[in-house]
Amino acid sequence: LATHDALTSLPNRAMFGEVVNATILDARRYRRQFALLFIDLDRFKIINDTLAGLCRRYPDRFRGFASLPMGYPDKAVDELHRAINTLGLHGLVLGDNVRGKTLDAPEFRPVFREADKLGLPVFLHPMTPPGAETLLDYDLVSLVGFMFDNTQAAARLAFGGVLEECPNLKIIVPHLGGAFPYLI
């Protein structure tokens, strides 16, 4: 995986996309290590600090979205405030589920309320969906599972009352919204 040092010591001419691509390749080879990245609270600060530094270095190229430790909802709101107010990031990127728990769960509402209050865009990044054991062959996790996870996350935010409770929330659902646009 790309480390904090590897990201911060890039020469100015290096493209951030190269680091992202290398990280994705390593993540595919070492899924377990990649999953551990999301358990360590300090890693989120390192990721957000590094991204904010990159955005300051290339302000015409990047607008960063903060990663939050959603496995620790009370810490997620603290990191949201730090990333937005101190680091100057512009939005949030959240996984479609948090270790199998859906985003409409009550413990995640404070994060959405804060994003709503601050007018932040929230990008929903697909994850391996709960119950994906049948998707492990043929790379079906990325071909089918990610779309399902996007669809489920968007539907649960809508039907679970999050969008009603947070009317100013700006949700970005990649991959054409999964199947959600076809379901409504």
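**Student:** Would you explain the packing of helix H5 (residues 73-86) against helix H6 (residues 109-118) in this entry?
**Tutor:** Packed helices, taken two at a time, are described by the angle their axes make and the gap between the axes. Where H5 meets H6, the closest approach of the two axes is 9 Å, and the angle between their N-to-C directions is 20 degrees. With respect to H6, the element H5 is oriented roughly parallel. Relative to H6, H5 is oriented so that their crossing is right-handed. From H5, Pro73, Ala76, Val77, Leu80 and His81 reach across to H6, where they touch Pro110, Val111, Glu114, Ala115 and Leu118. Class assignment of the residues belonging to the contact of H5 with H6 gives a composition of eight nonpolar, one polar and one charged.

**Student:** What is the right way to read H5 from this model?
**Tutor:** Given 3.6 residues to a turn, an α-helix orients residues that are three or four positions apart in the same direction. In this model, H5 (14 residues) spans 19 Å end to end at C-alpha, consistent with the 20 Å of a helix rising 1.5 Å per residue. Residues of H5 that are buried: Ala76, Val77, Glu79, Leu80, Ala83 and Ile84. One side of H5 holds all its buried residues, which, seen down the axis, span an arc of 165 degrees. Facing away from the buried surface of H5 by more than 90 degrees, the exposed residues are Asp74, Asp78, Asn85 and Thr86. Elements in contact with the buried residues of H5: helix H4 (41-57), strand E1 (65-67), strand E2 (91-95) and H6.

**Student:** Honestly, the pattern of salt bridges in this entry has me stumped. Any pointers?
**Tutor:** When the charged atoms of two side chains with opposite charge come close together, those side chains can pair. Under the counting rule described, the total for this entry stands at seven salt bridges. A salt bridge links Glu107 to Lys101; the nearest nitrogen and oxygen atoms lie 2.7 Å apart. According to the relative accessible area criterion, Glu107 is partly exposed, its value standing at 30%. If you follow the salt bridges from partner to partner, you end up with Asp49, Glu79 and Arg82 in one network.

**Student:** Can you walk me through the packing of aromatic side chains in this structure?
**Tutor:** Considering all chains together, one arrives at one aromatic pair under this definition. Here Tyr58 and Phe62 contribute two aromatic rings whose centre-to-centre distance is 6.1 Å and whose plane-to-plane angle is 80 degrees, an arrangement assigned as edge-to-face.

**Student:** I would appreciate a short explanation of the confidence of the model for the protein chain in the present structure.
**Tutor:** The predicted coordinates should not be examined in detail at positions where pLDDT is low. Averaged over every residue, the pLDDT of the protein chain is 80; the share at 70 or more is 78%. H6 holds the highest mean pLDDT among the elements of the protein chain, 97, whereas helix H3 (residues 31-37) holds the lowest, 41.

**Student:** In this structure, what is going on with unusual backbone geometry? I would like to understand it.
**Tutor:** Where the residue is not glycine, phi is negative for most of them; where a peptide bond is considered, it is trans in most cases. Of note in the backbone geometry, Arg99 takes a positive phi value of approximately 50 degrees without being a glycine. Judged by its relative accessible area of 57%, Arg99 falls in the exposed class. Not every positive phi belongs to a glycine, and Asp139 is a case in point at roughly 60 degrees. Taking the relative accessible area as the measure of exposure, Asp139 reaches 43% and is therefore partly exposed.

Definitions and limits used
- Residues numbered from 1 in each chain as written.
- Predicted model: local features only at pLDDT ≥ 70, side-chain atom pairs only at ≥ 80, totals over all residues.
- Heavy atoms only, no water.
- Axes fitted to C-alpha atoms, helices over the stretch in contact; angles between N-to-C directions.
- Helix = DSSP H or I, 4+ residues; strand = E, 2+ residues; numbered from the N terminus.
- Parallel < 35°, antiparallel > 145°, perpendicular 65-115°, else oblique.
- Left-handed = near helix turned anticlockwise from the far one by under 90°.
- Contact = heavy atoms within 4.5 Å.
- Nonpolar A, V, L, I, M, F, W, Y, C, P; charged D, E, K, R; others polar.
- Expected span 1.5 Å × (residues − 1).
- Buried < 20%, exposed > 50% of the residue type's maximum accessible area, 1.4 Å probe, protein only.
- Arc of directions from axis to C-beta.
- Salt bridge = Lys/Arg side-chain N within 4 Å of Asp/Glu carboxyl O.
- Phe/Tyr/Trp six-rings, centres within 6.5 Å; stacked < 30°, edge-to-face > 60°.
- pLDDT = per-residue confidence, 0-100.

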